[in-house]
Amino acid sequence: MTLHFHNARLICPESGTDRIGSLTVLDGRIIARDAEAPEGAELIDCGGKCLGPGIVDWGVKIGEPGERHKESFRSAGLAAAAGGVTTIIARPDTEASIDTPETLEFVTRRARESSPVRIRHMGALTKGRQGREMTEIGFLQDAGAVAFTDTDHVISDAKVLSRAFTYARSLGALVVSHPQEPALSKGASATSGKFASLRGIPAVSPQAERMGLERDLALVEMTGVRYHADQITSALSLPALERAKANGLNVTAGVSVHHVTLNEYDVGDYRTFFKLTPPLRSEEDRMAVCDALSSGLIDVLCSMHTPQDEESKRLPFEEAAAGAVALETFLPAALRLYHAGVMDLPGLFRAMALNPARRLGLEAGTIAIGAPADLVLFDPDAPFVLDRFTLRSKSKNTPFDGARMEGKVLGTWVGGTCVFGDLNA
Amino acid sequence: MSFRQRHLLGIEPLSPQEILTILDLADRYVDLNRRTVKRTDVLEGLTQINMFFENSTRTQSSFELAGKRLGADVMNMSMQTSSVKKGETLIDTALTLNAMHPDLLVVRHPNSGAVNLLASKVECAVLNAGDGRHEHPTQALLDALTIRRKKGRIQRLTVAICGDIAHSRVARSNLILLGKMENRIRLIGPPTLMPAGFKEFGAEVYEDMNEGLKDADVVMMLRLQKERMDGGFIPSEREYFHRYGLDAAKLSHARPDAIVMHPGPMNRGVEIDGEIADDINRSVIQEQVEMGVAVRMACMDLLAQNLRAERGRALNGETYA
């Protein structure tokens, strides 16, 4: 089966180009760019809209096993397809954690049966994410885990962490850490400052993130492990990250789309859909992190999709669960950076697709010849007002409810198969 | 006389010649031990005290048997239940012992260096039966004897020491002995169980069993010392066995005539596959136990000779050099 996408604005994160061209796909792989349509190929007129590599979203929470009422592989997969996400990198912070090869095999099979987009899993770094004993990193890797993380459960025991890092290093495994000094940030649900003080919300200094990062980086230097910081959200953390990279440590970092598009004041009148981990930062932090993302110091932009049901959010701010759904709003939210002139489209897709795929050793994230035809077609300028009840996620906890956004996904293809949109018809 | 030690505290102080002296004498005791009547009188009249501050059945029995076959009066003091529990310090224990006038003292202690400390305070010959994660000299000597009898030499061999290197005194003593004898030593284990700095001793360090075992003449497996671990060095026993347990597939990378050793007690299915442990063509684990008695007899015989010589000199008003 041959597909020929023509009249497309091709967004290529590798070459950094953004120009009109065509893409030819045979049996699920890209075989040519700017070539004539082969005979018998199915023609897809992109109408001058943007065609880029499908998004690789690193750090998505799915409620299987344990919290299927919040999100299932089916609902997450549909939301991802509608959002232009073709590869989900799922988090292991489920009920039971994904900390044994047996659990991993179960979720891998469930995901394959139910999701229209690709789902790869991270395994827990310690058993039960309790920070005491490392998991079977070797067996989990053999079973397909792409990275290892305890997500927001920070391993406070440096000895446990150093052993896990050492063991992971011997297997070439990638470790994902949530940089945070847990004792300092305990109980906090906002960033300390004028706003939190005015509202009387228990708050934490962004120094806690920097302290966690500095400790992790010292252990990375000691052990040589491949390390990724899931979210760097504060200006204070950036010099440490820069130094680590300059010193040749095998380090990358990410940031969630919320932390580059929202700030602490968005919480407003105790709106719990804006309660995130880590909490939203000051405008100065947001701008510094945007600069770091555009310069490439921060490598990865992700959604940190975290579904929470109404009951978990309809609570006083301090008691409400943290996190926001984002698979469907990821691209339009990220396009705010494009419309604001912070980043161009190839730069955005480098952070949302190419960099995470490369770091995780996946062949996705690119529209190079030979790559799998994981593609998203979108109109970056189409305006809309978000109604959270139209989201395909089971949970509707988005901070963008009622927000004016620009950027609509017109079609999504995974391995050359259309999983969203009706352009093939 | 080419054995000039007052104590046997470790392999480190021994010269290659002294090691060979012990092995040569031990060979003669192997022959004795295979006779029906196994008793000699070289330690006749001497008192041997076995002090084990740490549980041991195998080593303690081996020392006891060695002493009895040499004609010594052997006493076992189980320090687990003794005055140590009541708060006596190691130095006080030493002074108490001096009052009993032992001639040979066999000590095992959970702390590295504790046997050296005791040796500096007592008036008899001290044999280290294992101190913490420091040394276990008689184990290395019996391993050397086993290798020499199987391979015909104790030089120019490639020896792989595999597993829990970090917690193993057996690994340290073997590393030193085999190094003194000019062998090629490889240490193989997960990086969490590999202590820093062993490369500087001239050992090659591997994290992959198949690479490390390539063309090895001798494969020494170590026990996973769960009792010395405070948790979290390895993910699980099954993953450890998968990556570091010796099975037929991994052993196939070693030389076809490679021998397999284990200091015991074995954890079958953790560091060694039962089939390999029982393979009479490869495994020399039973021989190691037999050599253990002979080597300990040789060590005590040599130390007793030096002790007698020293005391003889002392009687003649000479000082011990």
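- Looking at an unreviewed UniProt entry, one finds chain B named Aspartate carbamoyltransferase and attributed to Falsigemmobacter faecalis.
- For the record of chain B, the UniProt heading Pathway (unreviewed entry) holds the text "Pyrimidine metabolism; UMP biosynthesis via de novo pathway; (S)-dihydroorotate from bicarbonate: step 2/3."
- UniProt lists a comment for chain B under the heading Catalytic activity (unreviewed entry), and it reads "carbamoyl phosphate + L-aspartate = N-carbamoyl-L-aspartate + phosphate + H(+)".

- Chain A carries the name Dihydroorotase in an unreviewed UniProt entry, which gives Falsigemmobacter faecalis as its organism.

### Regarding the environment of Arg91 of chain A
Residues and elements named next belong to chain A.
And step 1. The topology assignment puts Arg91 in the loop between β7 (85-90) and α2 (101-114).
And step 2. Owing to a relative accessible area of 9%, Arg91 belongs among the buried residues under this scheme.
And step 3. For Arg91 and Gly123, which are 32 residues apart along the polypeptide, the C-alpha to C-alpha distance reads 7.5 Å.
And step 4. Only 3.1 Å separates the side chain of Arg91 from the backbone oxygen of Gly59, close enough to count as a polar contact.
And step 5. Of the polar contacts made by the side chain of Arg91, one reaches the side chain of Thr306; its length is 3.2 Å.

### Overview of the UniProt feature "binding site: carbamoyl phosphate" (unreviewed entry) in chain B
Residue and element names in this part refer to chain B.
And step 1. UniProt records the feature "binding site: carbamoyl phosphate" (unreviewed entry) at Arg58, Thr59, Arg108, His136, Gln139, Gly264 and Pro265, using the numbering of this structure.
And step 2. The topology assignment puts Arg58 in helix α2 (residues 58-69).
And step 3. On the basis of relative accessible area, Arg58 is assigned to the partly exposed category, the value being 41%.
And step 4. The contacts of Arg58, once residues within four sequence positions are left out, are Pro263, Gly264, Pro265 and Val289.
And step 5. Counting through the fold element by element, His136 comes out in the loop between β4 (125-131) and α5 (137-151).
And step 6. Overall, His136 belongs to the buried group, its relative accessible area being 3%.
And step 7. Apart from the residues lying within four places of it in its own chain, the contact partners of His136 are Thr59, Arg108, Ala129, Gly130, Arg169, Val170, Ser173 and Arg296.
And step 8. Among the polar contacts listed, one links the side chain of His136 to the side chain of Arg108, at a separation of 3.3 Å.

### So, the pairing of strand β3 (residues 29-33) of chain A
All names here are of chain A.
And step 1. Inspection of the sheet shows strand β2 (residues 17-26) paired to β3 by four bridges, in the antiparallel sense. Among the inter-strand pairings, Val25 is bridged to a residue of β3, identified as Ile30.
And step 2. In this structure, the hairpin formed by β2 and β3 is closed by a connection of two residues, where Asp27 is found at a positive phi of approximately 50°.

### A short note on the UniProt feature "domain: Dihydroorotase catalytic" (unreviewed entry) in chain A
And step 1. With numbering matched to this structure, UniProt assigns "domain: Dihydroorotase catalytic" (unreviewed entry) to residues 48-234 of chain A.
And step 2. With 38% helix and 18% strand, the stretch residues 48-234 of chain A has end C-alpha atoms that lie 38 Å from each other.

### Description of the pairing of strand β17 (residues 404-414) of chain A
All names here are of chain A.
And step 1. Of the pairings in the sheet, the one linking strand β16 (residues 375-385) to β17 comprises eight bridges and is antiparallel in character. Considered in β17, the bridge of Pro383 is made with Glu406.
And step 2. Bridge count for β17 against strand β18 (residues 417-420) is three bridges, and the pairing is antiparallel. Its bridge partner being in β18, Trp413 is matched across the sheet by Cys418.

### Comments concerning the sheet that holds strand β10 (residues 174-177) of chain A
Strand pairs in the sheet, formed through backbone hydrogen bonds, run parallel or antiparallel to each other.
All names here are of chain A.
And step 1. Taken in spatial order, the five strands make up an open sheet running β9-β10-β13-β14-β15, and their pairing is parallel. Across the chains shown, the open sheet's two edge strands, defined by having one partner strand only, are β9 (148-149) and β15 (300-302).
And step 2. Two strands pair when backbone bridges link them, and strand β13 (residues 226-229) and strand β14 (residues 251-256) are joined in this way by three bridges, in the parallel orientation. In the sheet register, Ala229 faces β14, and the bridge partner there is Ala253.

### Some points on the nonpolar core
And step 1. One finds Ile88 and Leu301 of chain A to be the most contacted residues of the largest nonpolar core, which totals 95 residues.
And step 2. Setting aside chain neighbours within four positions, we find Ile88 of chain A in contact with Asp57, Val60, Ile62, Ala76, Ala80, Val117, Arg118, Ile119, Arg120 and Leu327 of chain A.
And step 3. Core analysis: the next-biggest nonpolar cluster, separate from the first, contains 64 residues, Phe3, Leu142, Leu157 and Leu303 of chain B among them.

### Describing the domain arrangement of chain B
All names here are of chain B.
And step 1. When the domains of chain B are assigned, the result is domain 1 (7-134 + 289-316) and domain 2 (137-285).
And step 2. Contacts between domain 1 and domain 2 engage 34 residues on the former and 27 residues on the latter.
And step 3. Taken together, both faces of the contact between domain 1 and domain 2 bury some 2,500 Å²; the carbon and sulfur share is 61%.
And step 4. Interface area lost by domain 1 to domain 2 is led by Ile11, Leu23 and Arg133, which between them contribute 27%.
And step 5. Applying the counting criterion to the domain 1 and domain 2 interface returns four salt bridges.
And step 6. The residue Arg149 makes a salt bridge to Asp27 at a minimum N-O spacing of 2.6 Å.
And step 7. At the surface where domain 1 touches domain 2, the tally comes to 10 residue pairs in polar contact (both at pLDDT 80 or more).
And step 8. Looking at the side of domain 1 that touches domain 2, the elements with two or more residues in it are α1 (16-33), α2, β3 (104-109), β4 and α11 (285-315).
And step 9. Looking at the side of domain 1 that touches domain 2 residue by residue, the class counts come to 17 nonpolar, seven polar and 10 charged.

### Side note on helix α3 (residues 90-98) of chain B
Residues and elements named next belong to chain B.
And step 1. Those residues of α3 that sit buried are Leu90, Thr93, Ala94, Leu97 and Asn98. The buried residues of α3 all sit within an arc of 140° when viewed along its axis, so they share a single face.
And step 2. At its buried positions, α3 is contacted by β1 (47-52), β2 (73-78), β3 and α4 (114-119).

The rules behind these values
Residues numbered from 1 in each chain as written. Chains lettered and ligands numbered in written order. Predicted model: local features only at pLDDT ≥ 70, side-chain atom pairs only at ≥ 80, totals over all residues. Heavy atoms only, no water. UniProt positions renumbered as here; feature names shortened; annotations may be inferred. Helix = DSSP H or I, 4+ residues; strand = E, 2+ residues; numbered from the N terminus. Buried < 20%, exposed > 50% of the residue type's maximum accessible area, 1.4 Å probe, protein only. Polar contact = N/O pair within 3.5 Å; in protein donor to acceptor, adjacent residues only side chain to side chain. Contact = heavy atoms within 4.5 Å. Pairing = 2+ DSSP bridges. Core = buried A, V, L, I, M, F, W, Y, C linked by side-chain atoms within 4.5 Å. Domains from an automatic or database assignment. Buried area = accessible area lost by both parts, 1.4 Å probe. Salt bridge = Lys/Arg side-chain N within 4 Å of Asp/Glu carboxyl O. Nonpolar A, V, L, I, M, F, W, Y, C, P; charged D, E, K, R; others polar. Arc of directions from axis to C-beta.

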